[in-house]
Amino acid sequence: QVQLAESGGGRVQAGGSLKLSCTASISISSFSAMAWYRQAPGKQRELVASIGVNGFTRYADAVRGRFNISRDNAKKTMYLEMNSLKPEDTAVYYCNIQRLGIVAGWGQGTQVTVSS
C-alpha cells in the first residue's frame, strides 16, 4: 500500500477557494492515475477528478470549470485547486493512487466546509 497524506482542507465562505494537496510516500511517476474523491454526510463517496500519468484529466460535472487537478511527480504530490466553492462542495475529500486500474492506496481524508 502506498501511503498518501492530504492537506489543505478547511472552512471557507461560499465563493471562496481552497487548494488541497496529496503527497505520496513513494515516487508517483510509475502510477497510471491519481484521483480525488469526496464524501458528504449521508452520501456515497463520489469521484471529483482524476489525472493520468500523461496529464489527461477528467472532472465530475458538478465541479468542471471550478476545480483544477494537477500533479507534480518530482514532489510526489497531486493537487486540487477549488474555486467558486459552494455549500454543496462540503465533504471529506480523499485522494487515491492507481496502477492499471487497481487502487494502491487511499489518504485519510481532509474536511472541506463551505458556509453560505
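In the block above lies the structure referred to throughout.
Remember, predicted model here, so these are calculated numbers, not experimental data.

Draft legend 1. Up close: the sheet that holds strand S7 (residues 67-72). One open sheet accounts for four strands, arranged S1-S3-S8-S7; its pairing is antiparallel. Both outer strands of the open sheet, strand S1 (4-7) and S7, are each paired with one neighbouring strand and no more. The sheet shows a mean angle of 15 degrees between the axes of neighbouring strands, taken without regard to direction. Judged from the six bridges that link them, S7 and strand S8 (residues 77-82) form a sheet pairing that is antiparallel. The residue of S8 that forms the bridge with Arg 71 is Met 78.

Draft legend 2. Focus on the packing of aromatic side chains. Under the criterion given, the structure shown has one aromatic pair. With centroids separated by 5.2 Å and ring planes inclined at 65 degrees, the aromatic side chains of Tyr 37 and Trp 106 adopt a geometry described as edge-to-face. Placement of the pair is Tyr 37 in strand S4 (residues 33-39) and Trp 106 in strand S10 (residues 102-106), with a sequence separation of 69 residues. For Tyr 37, a relative accessible area of 21% translates into the label partly exposed. Judged by its relative accessible area of 35%, Trp 106 is partly exposed. The ring of Tyr 79 has Lys 19 sitting right over it, with the charged end atom 4.8 Å from the ring centre.

The rules behind each value
- Residues numbered from 1 in each chain as written.
- Predicted model: local features only at pLDDT ≥ 70, side-chain atom pairs only at ≥ 80, totals over all residues.
- Heavy atoms only, no water.
- Pairing = 2+ DSSP bridges.
- Helix = DSSP H or I, 4+ residues; strand = E, 2+ residues; numbered from the N terminus.
- Axes fitted to C-alpha atoms, helices over the stretch in contact; angles between N-to-C directions.
- Phe/Tyr/Trp six-rings, centres within 6.5 Å; stacked < 30°, edge-to-face > 60°.
- Buried < 20%, exposed > 50% of the residue type's maximum accessible area, 1.4 Å probe, protein only.
- Lys NZ or Arg CZ within 6 Å of the ring centre and 35° of its normal.

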